[in-house]
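What the coordinates show
These are the residues of each chain, in order.
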Amino acid sequence: MQYNKKKWVMLTSAAALTLGTAGLASATTLEDMRENGAVQCGVSDGLPGFSAPDDEGNWQGIDVDVCRAVAAAVLGDADAVRYVSLNAVERFTALQSGEVDMLSRNTTWTTTRDTTLGLNFTGTNFYDGQGFLVSRDLGISSAGELDGAAICVQSGTTTELNLADYFRANDMEFQPIVFDTSEQTVGGFEAGRCDVLTSDTSQLAALRIQLSDPGGAVILPEVISKEPLGPVVRQGDDQWFNIVKWSLFAMINAEELGISSDNVDDMLDSENPNVARLLGQDGNYGESMGLEADWAYNIISQVGNYGEIYDRNVGMDSPLEIERGVNRLWTEGGLQYAPPVR
Amino acid sequence: MTHNETVIPERPAPRLTVGPLAWLRANLFSGPVNSLFTLLGLYLLYLLLTPAIQWALIDADWIGTSRDDCSREGACWVFVNARLGQFVYGLYPGGEIWRINLMFATFAALLAWLAIPRLPFKRWVAPVTLVAFPVFAYVLLYGGHFGLPVVETHRWGGLSLTLILATVGMVAALPIGIVLALGRRSQMPIVRSVCVVFIEFWRGVPLITILFMASVMLPLFLPTGMTIDRLVRALIGITLFQSAYMAEVVRGGLQAIPRGQEEAAAALGMGYWQRMGLIVLPQALKMMIPGIVNTFISLFKDTTLVMIIGLFDLLGIVQAALSDSRWLGFAVEGYVFAALMFWIFCFSMSRYSQYLEKKLHTGHKR
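Small disclaimer: the values here were computed from a predicted structure and weren't measured.

1. Some words on the overall build of chain A
In terms of helices and strands, chain A carries 13 helices and 14 strands. When the backbone C-alpha atoms are referred to their principal axes, chain A occupies close to 90 × 55 × 40 Å. With 342 residues in all, chain A has 46% of them scored as buried.

2. Quick look at the overall build of chain B
A tally of regular secondary structure across chain B gives 13 helices and zero strands. Counting from the amino terminus, helix and strand elements in chain B follow one another as α-α-α-α-α-α-α-α-α-α-α-α-α. Relative to the compact-globule value of 21 Å for 366 residues, chain B shows a C-alpha radius of gyration of 27 Å, a clear excess of over 25%. Seen along its three principal axes, the alpha-carbon backbone of chain B occupies a region of about 105 × 75 × 45 Å. Evaluated residue by residue, chain B yields a buried proportion of 29% over its 366 residues. Here the analysis covers contacts within chain B between residues at least 6 apart in sequence; of these, 64% occur between residues at least 24 apart.

3. Brief notes about helix α12 (residues 295–302) of chain A
Residues and elements named next belong to chain A. Most of α12 is tucked away, with six of its eight residues classed as buried. Along α12, the residues classified as buried are Trp295, Ala296, Tyr297, Asn298, Ile299 and Ile300. On the buried face of α12, the contacting elements are α3 (62–75), α9 (238–256), α10 (264–267) and α11 (273–278). Following α12 by one or two positions, Gly304 adopts a phi angle in the positive range, close to 115°.

4. Observations regarding the sheet that holds strand β9 (residues 149–154) of chain A
Residue and element names in this part refer to chain A. Pairing is mixed across the open sheet formed by five strands, whose spatial order is β10-β9-β11-β8-β12. Two strands bound the open sheet, and with one partner strand each, they are β10 (174–179) and β12 (217–219). Each strand of the sheet is rotated relative to its neighbour by a mean of 30°, with strand direction disregarded. Here strand β8 (residues 130–135) runs beside β12; their pairing, made up of three bridges, is antiparallel. From the neighbouring strand, Leu133 faces β12, where its bridge partner is Ile219. The sheet contacts of helix α7 (residues 182–190) involve β9, β10 and β11 (196–200), and relative to β9 the element is tilted by about 160°.

5. A few points about the interface of chain B and chain A
At the interface, 28 residues of chain B touch 31 residues of chain A. Mapped by element, the contributors of at least two residues to the side of chain B that touches chain A are α3 (77–89), α8 (207–221) and α12 (314–322) of chain B. Considered class by class, the residues forming the side of chain B that touches chain A number twelve nonpolar, eleven polar and five charged.

6. Some remarks on the sheet that holds strand β5 (residues 102–103) of chain A
Residues and elements named next belong to chain A. Pairing is mixed in the open sheet, where five strands are placed in the order β4-β1-β5-β14-β6. Each having just a single partner strand, β4 (81–86) and β6 (119–121) make up the two edges of the open sheet. When strand β1 (residues 39–44) meets β4, the two strands line up parallel, connected through six bridges. The residue bridging Ser44 from the neighbouring strand is Leu86, located in β4.

7. Some thoughts on the packing of α9(A) against α12(A)
Residues and elements named next belong to chain A. It is at 10 Å that the axes of α9 and α12 come closest, and there the two elements cross at 65°. Classified by the interaxial angle, the pair formed by α9 and α12 is roughly perpendicular. Read as a crossing pair, α9 and α12 show a hand that is right-handed. In this structure, α9 uses Ser247, Ala250, Met251 and Ala254 to contact α12, whose residues at the interface are Ala296, Ile299 and Ile300.

8. Re the pairing of β8(A)
Residue and element names in this part refer to chain A. Of all six residues in β8, five are buried; the element is thus mostly enclosed. For β8 and β11, the ladder comprises five bridges, and the chain directions are antiparallel. Bridge pairing in β11 links Leu133 to Leu197.

9. Comments concerning the packing of helix α7 (residues 189–204) of chain B against helix α9 (residues 230–255) of chain B
Residues and elements named next belong to chain B. Between α7 and α9, the shortest axis-to-axis distance is 8 Å and the interhelical angle comes to 115°. Along this stretch, α7 crosses α9, giving a crossing that reads as left-handed. Residues Phe198, Ile199, Trp202 and Arg203 of α7 form the contact with α9, whose participating residues are Leu240, Phe241, Ala244, Tyr245, Ala247 and Glu248. When grouped by side-chain class, the residues that make up the contact of α7 with α9 number eight nonpolar, no polar and two charged.

10. A few points about the nonpolar core
The biggest cluster of nonpolar side chains holds 164 residues, and the ones touching the most others in it are Val70(A) and Ile299(A). Of all the elements, helix α6 (residues 158–184) of chain B adds the most residues to this core, at 14 residues. Two domains each put at least three residues into this core: domain 2 (37–127 + 229–332) and domain 3 (130–225) of chain A. Once residues within four sequence positions are removed from consideration, Ile299(A) is found in contact with Ala69(A), Ala72(A), Ala73(A), Ser247(A), Ala250(A) and Met251(A).

11. Focus: the environment of Arg230(B)
Residue and element names in this part refer to chain B. Looking at the secondary structure, you find Arg230 in helix α9. Residue Arg230 is classed as buried on the basis of its C-beta count, with 23 C-beta atoms lying within 10 Å. As a C-alpha pair, Arg230 and Asn294 span 64 residues in sequence and 27 Å in three-dimensional space. Ignoring anything within four residues of it in the chain, the contact list for Arg230 reads Ser215, Ile309, Gly310 and Leu311.

12. Some details on the environment of His154(B)
The residue His154(B) is located in the loop between α5 (122–142) and α6 in this model. It is 42 Å that separates the C-alpha atoms of His154(B) and Met276(B), two residues lying 122 residues apart in sequence. Setting aside chain neighbours within four positions, we find His154(B) in contact with Arg82(A), Tyr83(A) and Val84(A).

13. A closer look at unusual backbone geometry
Residue and element names in this part refer to chain A. Backbone geometry at Asn106 places phi at a positive 25°, although glycine is not the residue there. For Asn106, a count of 25 C-beta atoms within 10 Å gives the class buried. Residue Asp171 is not a glycine yet carries a positive backbone phi of 55°. As for its position among the elements, Asp171 is in the loop between α6 (158–169) and β10. Note on Asp171: 7 C-beta atoms within 10 Å, which makes it exposed.

14. Considerations on the confidence of the model for chain A
Residues and elements named next belong to chain A. Across chain A, pLDDT averages 86, with 92% of residues at or above 70. When pLDDT is averaged over each helix and strand of chain A, the minimum, 43, is found for helix α1 (residues 2–25) and the maximum, 95, for α3. Here residues 1–26 scores under 50 on pLDDT; set against residues more than four positions off or in separate chains, the count is four contacts.

Cut-offs and rules
Residues numbered from 1 in each chain as written. Chains lettered and ligands numbered in written order. Predicted model: local features only at pLDDT ≥ 70, side-chain atom pairs only at ≥ 80, totals over all residues. Helix = DSSP H or I, 4+ residues; strand = E, 2+ residues; numbered from the N terminus. Buried ≥ 20, exposed ≤ 12 C-beta atoms within 10 Å, placed from the backbone. Rg over C-alpha atoms; globule rule 2.2 N^0.38 Å. Contact = placed C-beta atoms within 7 Å. Pairing = 2+ DSSP bridges. Axes fitted to C-alpha atoms, helices over the stretch in contact; angles between N-to-C directions. Nonpolar A, V, L, I, M, F, W, Y, C, P; charged D, E, K, R; others polar. Parallel < 35°, antiparallel > 145°, perpendicular 65-115°, else oblique. Left-handed = near helix turned anticlockwise from the far one by under 90°. Core = buried A, V, L, I, M, F, W, Y, C linked by C-beta atoms within 7 Å. Domains from an automatic or database assignment. pLDDT = per-residue confidence, 0-100.

Below, the structure written as structure tokens:
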């Protein structure tokens, strides 16, 4: 009896200890991730160029490559990602409840989302905005010539409001032709019900491909609204916030410094101090984030620099062929700018 | 004097009363008005079918690997062809697909054993199918034991996921539904009110709301870090929803059995479960077959709603494939394929139910 009691006490304290350490182990997102061996990344359930499964069932897209970059930085393996497809409504809940560690799901950065949901936006991987698709036959080259045009637009979206704002601000007239779904909108444009189709530029490219003659329509250069899309993390774990933020910055810095997945091994010997710092040859900038010194090297060698992921998924090397536009580097007149690694 | 007993040889029936010509005359051209409608119908059919066949078969492209192989004049079945594996197995890793195949082959074998009347040992096969097989299927598909690598549920998808959702929903909902129906007819007030509340609650809420609550609200109530697999959430939601519907179908069947049957059984000294199990339910279930299959078919199609909680069932995986930038613009082909698959399964279920009705027919049918 005595013996049994002792054994019982030992067992309970052992159990308590195990529980206690288990509680400690789930202290940070990074440690959890190392234990699971995968980054849990929330992506869209299918958006051309941003996230969609390819013929082999691997996720592809510019949002997906952000997840892959983080996995490369944290675990040294870009394929160590567990993708969770989320629709627009449940995306924030999934992040808040811990079902995913980060969200990379064409999410627009707005004040409300950044300040009221307990979430943090870590940067912008695609500057989107509303644009116009016009038939080539019209010979229009700028949105300023659209006065009096019939415009196809999807109902119930901010697109509709932005359109009205833009035309009022520029003192022009237009006739809205409203449709329920994006397929119907394309159908209306193709059937000649309108001269112009408006939507976010990233969508316009995908819609253009679905026309029977994609070459017969052009996307105008004007962008009339701000839709910065970027990765999101939970508040309360600043280390993890920093990791996601700097994974994106590392890709932008790599493009600026001319480091790509092809030449990254040669660049290891570079004399340029900026390159040496980014690639961990001079100092260890990963340490303060809880990462290895080669965190950025892993990102660039396995995923590529920002220009590569842009071209491959949405740019000229992809079927979408979206111009770099405002997504060019700041050195080339665009908005993509990353703080230096030092 | 002898009778001349030559038998008059059989003569064929008059040409105009047998054969296809007579059938046509009797059914399609029996009068000027009917003839007119027949011709009108044929013309409409011609108008509708020609473009459909032209698009789906004659102008269609069948062979190739990318969108460049499609002329875009007719259907581009190259798209469906390239994605067929994904439509059936979802994002399940290529090297592990044999596990899904083995699971469904085993399931089909067990079902066939139960469905073919001549085979013996049914008494043993039935519990194996209901109890041992789900465990076997889970271990096989999810892995983690016996050296099988783990395949997490977010990689499951396509037709196999649709079948899993529908099968689990049907198999689990039927017994729960029977218990609920019996409970609702019970004399015990607490049992009865619990059953009534359960049925009315789950039946009064749309399935899409249940799935939505399970995926959006439930995680907020759980402690941080604790998550229930979304497939499990969907399965529980579908099962509870379906069992409420099933309960009402079963109750309808129970009410059709005359009260005398139960009273006679009671007079013979049978207890409640004997009366139900041996007298009432066997008669009632037989009559419920059309109703039960009806709810099964509607459940099978309702499984597409799991799309809204981010599970890729057959329709979901088709839609995800449509958003691959290499295959933009083949929505019609994808949806036609999904519709065809759903039709095949629903039609088979309907045929099987008619076969069952014929087999169990014992004279109650009017």
